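In case you want the letters, here they are:
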Amino acid sequence: MDSGLIAAYRNTDYRVRLARGGFASLHVDAPVPAALRSLIGPHSWAFITAWNPFSQSRPRSQNHAAQQTLLAALQKLPSTVAIHPAIGVGQDWREPSLFVLGPELAQTDALAQQFQQNAYVHGLADGYARLRLTSGEPPRGQAG
């Protein structure tokens, strides 16, 4: 994968909407922020989107439809504990996303591949946020 694209993913601000307003930001290879620790508890988690497959821009209407399909798929997973609105914010882009508590890594991998995402961010309990690439060599593109 293009090193610039990986750097863009690593530099993204992964913002999770908090119940009382505002956001808490996740950053790759950094500890989960205090504001999210009690929310996460003992669960695994993932920060995922269906927007802009393979980091290629797509019309808003197609992105929105894909995101709704992703949400429905996450809601059907027996391991899903909760889903929170989120947004990935890069240097020159923003993508609506979902912060999901409880999915198993294999389930999230399958969904990321189904929605043609190069990568997503995940973690275990209140540990570190990790970037997970979904294939050995996805197409090159712009971050997003």
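Preceding this paragraph is the structure being described.
Residues numbered from 1 in each chain as written. Predicted model: local features only at pLDDT ≥ 70, side-chain atom pairs only at ≥ 80, totals over all residues. Heavy atoms only, no water.

Points about helix α3 (residues 60-76)
- Here α3 contains 17 residues, and its C-alpha end-to-end distance of 25 Å stays within 8% of the 24 Å for a straight helix at 1.5 Å per residue.
- Those residues of α3 that fall on the buried side of the exposure criterion are N63, A66, Q67, L70 and L74. The arc that holds every buried residue of α3, seen down its axis, measures 105°, which confines them to one face. Exposed positions of α3 whose direction lies more than 90 degrees from the buried face are S61, Q75 and K76.
- Next to the buried residues of α3 lie β3 (44-48), β4 (82-89), β5 (94-101) and α4 (105-114). (Helix = DSSP H or I, 4+ residues; strand = E, 2+ residues; numbered from the N terminus. Expected span 1.5 Å × (residues − 1). Buried < 20%, exposed > 50% of the residue type's maximum accessible area, 1.4 Å probe, protein only. Arc of directions from axis to C-beta. Contact = heavy atoms within 4.5 Å.)

Regarding the pairing of strand β2 (residues 23-26)
- By the alternation rule, side chains of β2 split into A24 and L26, which are all buried, and F23 and S25, of which none is buried.
- For strand β1 (residues 13-17) and β2, the ladder comprises four bridges, and the chain directions are antiparallel. Pairing of R15 across the sheet is with S25, part of β2. (Pairing = 2+ DSSP bridges.)

Observations regarding the pattern of salt bridges
- The full count for this structure, using the stated rule, is four salt bridges.
- Notably, a salt bridge pairs D29 with R10, separated by 2.7 Å at the nearest N-O pair. Here R10 lies in helix α1 (residues 3-11) and D29 lies in the loop between β2 and α2 (34-40), a separation of 19 residues in the sequence.
- In this structure D29 comes out as partly exposed when scored by relative accessible area, which is 39%.
- Across the salt bridge formed by D13 and R15, the nearest N and O atoms sit 2.6 Å from each other.
- Through salt bridges that share partners, R10, D29 and R130 make up one connected network. (Salt bridge = Lys/Arg side-chain N within 4 Å of Asp/Glu carboxyl O.)

By themselves, these observations are geometric and do not establish any function.
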